[in-house]
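Read off the chains here:
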Amino acid sequence: MTQISNNPCTNNNPDILSIPLDQLNPQLEDLYPSNLNKVNKSQLTRWFYPKNSPRAYALVTHGLNNTPTAMDDLSNFLAKIDIQVLRLTLPGHHGNIEEMKNINHQEIQKQIYLANALLQKTKPNQDTPSYFVGNSFGALSFIDTLLADTQQTFNYKKFIFLAPAFTPKPIVKLVRLFKIFGGNYIVNSFSHEKFRANRGTSVNAYETLFKMAKNLAQMNLKKTQHIPSMIYLDPKDELIGQKQLNDFIESKNLKKWKVNLITGRVNLKPKGIYHHQVFNKFSLGDKNWNKLIRETTSFLTLK
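Keep in mind that what you see is a predicted model, and the values were worked out from it rather than measured.

Digging into the packing of aromatic side chains
Under the defined criterion, the tally for this structure stands at 20 aromatic pairs. Arranged with centres 5.1 Å apart and planes meeting at 85 degrees, the rings of Phe142 and Tyr156 form a pair that is edge-to-face. Within this pair, whereas Phe142 is found in helix H4 (residues 137–148), its partner Tyr156 is found in the loop between H4 and strand S5 (158–162), the two being separated by 14 residues in sequence. Per residue, the accessibility class of Phe142 equals that of Tyr156, and both read buried. Plain terms: the ring middles of Phe142 and Phe159 are 5.6 Å apart, the flat faces sit at 80 degrees to each other, and that makes the pair edge-to-face. Here Phe142, found in helix H4, pairs with Phe159, found in strand S5; they are 17 residues apart in sequence, far enough to count as distant. Here Phe142 falls in the buried class, since its relative accessible area comes to 0%. Look at Phe159 and you get buried, because its relative accessible area is 0%. In textbook terms, an aromatic cluster arises when at least three aromatic residues are bridged by ring pairs, as seen for Tyr113, Phe132, Phe142, Phe154, Tyr156, Phe159, Phe161, Phe166, Phe248 and Trp257. One residue, Lys158, lies across the ring of Phe299, its end atom 4.9 Å from the ring centre.

Things to note about the pairing of strand S8 (residues 229–233)
Counting buried residues in S8 gives 5 out of 5 residues, a clear majority hidden from the surface. Of the two faces of S8, the one carrying Ser229, Ile231 and Leu233 and the one carrying Met230 and Tyr232 are both buried. Two elements, S8 and strand S9 (residues 257–261), share 5 bridges in a ladder whose sense is parallel. Within the sheet, the bridge partner assigned to Ile231 lies in S9 and is Val259. Crossover connection from S8 via helix H6 (residues 242–251) to parallel S9: handedness right-handed.

Regarding the side chain of Gln277
Within the secondary structure, Gln277 is located in the loop between S9 and helix H7 (281–284). Using a relative accessible area of 5% as the deciding quantity, one classes Gln277 as buried. Within polar-contact distance, the side chain of Gln277 engages the backbone nitrogen of Tyr274 at 2.8 Å.

Let's talk about helix H1 (residues 72–80)
Taken residue by residue, H1 has Asp72, Leu74, Ser75, Phe77, Leu78 and Ala79 as its buried positions. Buried residues along H1 sit in contact with strand S1 (46–48), strand S2 (56–61), strand S3 (83–88), strand S4 (130–135), S5 and helix H8 (286–301). Asp82 sits one or two residues past H1 and shows a positive phi near 70 degrees.

So, the nonpolar core
Membership of the largest hydrophobic core comes to 90 residues, with the highest contact counts inside it found for Leu78, Phe142, Phe159, Phe166 and Trp257. Excluding residues within four positions of it along the chain, Phe159 makes contact with Phe132, Phe142, Ile143, Leu146, Thr224, Ile227, Pro228, Ser229, Met230, Trp257 and Phe299.

What about H8?
Its 16 residues give H8 an end-to-end C-alpha distance of 22 Å, which sits within 8% of 22 Å, the value for a rise of 1.5 Å per residue. Those residues of H8 that sit buried are Asn288, Trp289, Leu292, Ile293, Thr296, Phe299 and Leu300. Axial view of H8: buried residues confined to an arc of 130 degrees, hence all on one face. In H8, those exposed residues whose orientation departs by more than 90 degrees from the buried face are Lys287 and Arg294. Residues of H8 that are buried in the fold lie against H1, S3, S4, S5, S8 and H7.

Some words on the pattern of salt bridges
The final tally for this structure, using the stated rule, is 6 salt bridges. We note a salt bridge from Asp247 to Lys243, for which the minimum N-O separation is 2.7 Å. Of this pair, Asp247 and Lys243 both sit in helix H6, 4 residues apart, roughly one helical turn. Residue Lys243 is classed as exposed on the basis of its relative accessible area of 59%. For Lys281, the salt bridge identified is with Asp286, shortest N-O distance 3.8 Å.

What counts and how
Residues numbered from 1 in each chain as written. Predicted model: local features only at pLDDT ≥ 70, side-chain atom pairs only at ≥ 80, totals over all residues. Heavy atoms only, no water. Phe/Tyr/Trp six-rings, centres within 6.5 Å; stacked < 30°, edge-to-face > 60°. Helix = DSSP H or I, 4+ residues; strand = E, 2+ residues; numbered from the N terminus. Buried < 20%, exposed > 50% of the residue type's maximum accessible area, 1.4 Å probe, protein only. Lys NZ or Arg CZ within 6 Å of the ring centre and 35° of its normal. Pairing = 2+ DSSP bridges. Right-handed = clockwise from strand over helix to strand, strands pointing away. Polar contact = N/O pair within 3.5 Å; in protein donor to acceptor, adjacent residues only side chain to side chain. Contact = heavy atoms within 4.5 Å. Core = buried A, V, L, I, M, F, W, Y, C linked by side-chain atoms within 4.5 Å. Expected span 1.5 Å × (residues − 1). Arc of directions from axis to C-beta. Salt bridge = Lys/Arg side-chain N within 4 Å of Asp/Glu carboxyl O.

See the structure below:
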């Protein structure tokens, strides 16, 4: 990708969230990392196209240190029901461990802001619905950026959150013990290698998550109160507390946000699949996957 110094989509503008949508003209390649030599190209941001004319558009993104392709089952399903999908890859998740080491809040917000701009400008008109589907850190990052957007460019009709990292359990913060080794230190991952973007997650990435979650807890979510939202959570989730999530929803007066529980996942197999992973058929199993797509279809087709 050619870097154009006066292009806000490609330069290192520290205040990109203040740029109006009509001044942005992002291309898909603007969502790629600057160095493509050390990345897994299958993990790049990409479109999923329906066979028919799109009736809606969706921005879909993944969890922390999950492969972006972990969201391909859902992206393909949405395309089958005539929703055009932009499956977004967050910085640090292209298979380059050096990129993971240098994750920061500003770069995450920039990536989501540009992806949103690309989605909105691809739609034939602004009356065409936009949806967001996000897993874990991806869901948190999206809401964090939406709330920071001063230009009102985020125009979404409905949200679907899969084990969103809005309310991480206190035990998760034990990873902060690794801060003594520096922000670039990689905490090894034990999740299934099929869905692991890197061998581990950087301390910088965890700190970005904690910063976003702290900001979210302190912010007014009035901008999202009117948006119908479906949340999927396994009550045995190792990282996100069901009670904490319910308390968060109540305290923020999010009356249109509904929590649906993923149950019956006993003796998870194979090794490396956890209750926090609720993003595709492999992680959910046939029964819960069918439930998810059935309810998603109903939710996104109701006006």
